Amino acid sequence: MATEKEIVVSGIRPTGYLHLGNYFGAIRNYIRMQEDFNCYFFVADWHSLTTHPNPKDLQGNVMRVLAENIASGLDPEKVTLYAQSDIAEIPELYLLMNMLAYVGELEKVPTFKDKVRLQPQNVNAGLLTYPVLMSVDILIQRAVKVPVGKDQGQHLEMARNFAQRFNRRYDTDLFPEPEAFNYGDSLVRIPSLDGSGKMSKSENEMATLYLADDDDKIRNKIKKAKTDSAAVTPGTPMPESVQNLVDLMKLVSAPDVVQFYEAAWDNQTIRFGDMKKQLGEDMVNFIAPIREKAKDLQQDTDYLRKIMKAGAEKARANAAQTLQQARKLIGLNYY
Ligand code: ATP
Ligand code: MG
């Protein structure tokens, strides 16, 4: 009998346009994982309400995130793609798990403290219990692996804690303790175009390349990217801004092109205008097919809905088994 593939869960918040950092930091790994694991990938619409509660944007954002993931190479035949809010079992387990979460530990979570600083006028209870809901997203599917970026280690630690606490209190092994997973070479950080920091949804728009950017926008953003062009002696290490452009080239340009510009830096014959033109064209060739496919998919809302529905059915069936066992262990099985 073939061994069953291990279960992986990951979620994406539908809070804005996906960018090159999301692609290389997350989606590219999803595409590799879909071959190796039993993947449950969801659009975290409930999570988005803690910070982006605008009904006007929600559906469009959810559909676009789905379309951009599929256009990037996620295969709905291979992975279970669903909306978090379609899984009615999640809030029930969330309620049960809240009984095992301490207010003190939730208040200490760094991302909660960040949010208190960022939106002092809206410190909702959802923000505080975010790690509980996130843990339940993972635990309810009995995932053993979770792909996490560099910034998300602490949340996974909490999911492990909740799994452990539940298992101890009810003397069970219902919840595996999920482990962080990354392909060895996959922890990349995509730099922003303004010389420092990383590309991000909430950063300066001109410094981030979105999967939805049109060709001229891509060229223009790269043309305006920061380069410190002060003359230096040959052999000087690259300043961060130049290194960032070379790093982007490594992702989308041919190896001999990268070598050419690295050598040109070393002997100080580099022409930044040419380099940016080259990077601009290579970036257009990389992003345009994803953008066009995503555009087509977004027109086909029937298709996207069909995928969400099928994904939700499968995710619910798996979640229902977990919830049923949890209820029984707690003593909530009257009939
Ligand atoms: P926000 O600005 O709202 O935090 P974001 O652009 O940082 O948004 P997230 O939704 O926080 O995006 O992250 C989604 C996924 O993309 C995570 O796995 C994260 O590690 C990854 N990611 C985001 N930005 C980058 C980046 N610049 N380089 C590599 N990975 C990234
Ligand atoms: Mg982020």
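All figures in this text were calculated on a predicted structure; none of them were measured in a lab.

Chemist: Could you give an account of the UniProt feature "short sequence motif: 'HIGH' region" (unreviewed entry) in the protein chain, naming the residues involved and the relevant values?
Modeler: The feature "short sequence motif: 'HIGH' region" (unreviewed entry), as given by UniProt, occupies residues 14–22 in the numbering adopted here. Across residues 14–22, the secondary structure splits into 33% helix and 0% strand, with the terminal C-alpha atoms separated by 12 Å.

Chemist: Help me get a handle on the site of ligand 1, residues and values and all.
Modeler: What surrounds ligand 1 is a group of 16 residues, the closest being His 19, Ile 190, Ser 200, Lys 201 and Ser 202. Take Ser 200: an N or O atom from its side chain is 2.8 Å from an oxygen atom of ligand 1. Lys 201 is positioned such that a nitrogen or oxygen atom in its side chain is 2.6 Å from an oxygen atom of ligand 1. Look at ligand 1: alone it shows 590 Å² of surface, and the protein chains cover 78% of it. Of the residues assigned to the shell around ligand 1, the class counts are 4 nonpolar, 8 polar and 4 charged.

Chemist: Before we move on, could you go through the packing of aromatic side chains and cite the residues and values that matter?
Modeler: Under the defined criterion, the tally for this structure stands at 13 aromatic pairs. Measuring from centroid to centroid gives 6.3 Å for Tyr 17 and Tyr 210, while their planes differ by 75°, and the two rings are edge-to-face. Of the two residues, Tyr 17 sits in the loop between β1 (7–12) and α1 (20–36) while Tyr 210 sits in the loop between β5 (179–181) and α10 (215–223), which places them 193 residues apart along the sequence. Judged by its relative accessible area of 9%, Tyr 210 is buried. For the ring pair Tyr 334 and Tyr 335, a centre distance of 6.2 Å and an interplane angle of 80° mean the geometry is edge-to-face. Members of the aromatic cluster, connected to one another through ring pairs, are Tyr 23, Phe 24 and Phe 286.

Chemist: Provide a residue-level description of the packing of helix α11 (residues 240–252) against helix α12 (residues 255–266), including the pertinent values.
Modeler: To characterise two packed helices, one gives the angle between the axes of the helices and the distance between these axes. Following both chains from N to C, one finds α11 and α12 inclined at 165°, their axes separated by 9 Å at the closest point. When the interaxial angle is binned, α11 and α12 end up roughly antiparallel. Relative to α12, α11 is oriented so that their crossing is left-handed. Taking contact as the criterion, the partners of Val 242, Val 246, Met 249 and Lys 250 in α11 are, on α12, Val 257, Val 258, Tyr 261, Glu 262 and Trp 265.

Chemist: Lay out the layout of surface pockets in plain terms, naming residues and giving numbers.
Modeler: The space that makes up the second largest pocket amounts to roughly 230 Å³. Taken together, 13 residues make up the lining of the second largest pocket; nearest its centre are Pro 76, Glu 77, Val 79, Ile 307 and Ala 310. Elements that contribute at least two residues to the lining of the second largest pocket include exactly β3 (80–83) and α14 (301–330). It is α14 that provides the largest number of residues to the lining of the second largest pocket, a total of 6 residues. Looking at the lining of the second largest pocket, its residues break down into 6 nonpolar, 2 polar and 5 charged.

Basis of the calculations
Residues numbered from 1 in each chain as written. Chains lettered and ligands numbered in written order. Predicted model: local features only at pLDDT ≥ 70, side-chain atom pairs only at ≥ 80, totals over all residues. Heavy atoms only, no water. UniProt positions renumbered as here; feature names shortened; annotations may be inferred. Helix = DSSP H or I, 4+ residues; strand = E, 2+ residues; numbered from the N terminus. Near = heavy atom within 4 Å. Polar contact = N/O pair within 3.5 Å; in protein donor to acceptor, adjacent residues only side chain to side chain. Areas by Shrake-Rupley, 256 points an atom, 1.4 Å probe, with all protein chains shown as cover. Nonpolar A, V, L, I, M, F, W, Y, C, P; charged D, E, K, R; others polar. Phe/Tyr/Trp six-rings, centres within 6.5 Å; stacked < 30°, edge-to-face > 60°. Buried < 20%, exposed > 50% of the residue type's maximum accessible area, 1.4 Å probe, protein only. Axes fitted to C-alpha atoms, helices over the stretch in contact; angles between N-to-C directions. Parallel < 35°, antiparallel > 145°, perpendicular 65-115°, else oblique. Left-handed = near helix turned anticlockwise from the far one by under 90°. Contact = heavy atoms within 4.5 Å. 1 Å grid on protein atoms, 1.4 Å probe; cavity = no way out; pocket = protein on both sides within 12 Å on 5 of 7 lines; lining within 4 Å. Points joined across faces, edges and corners; volume = space filled by probe spheres on them.

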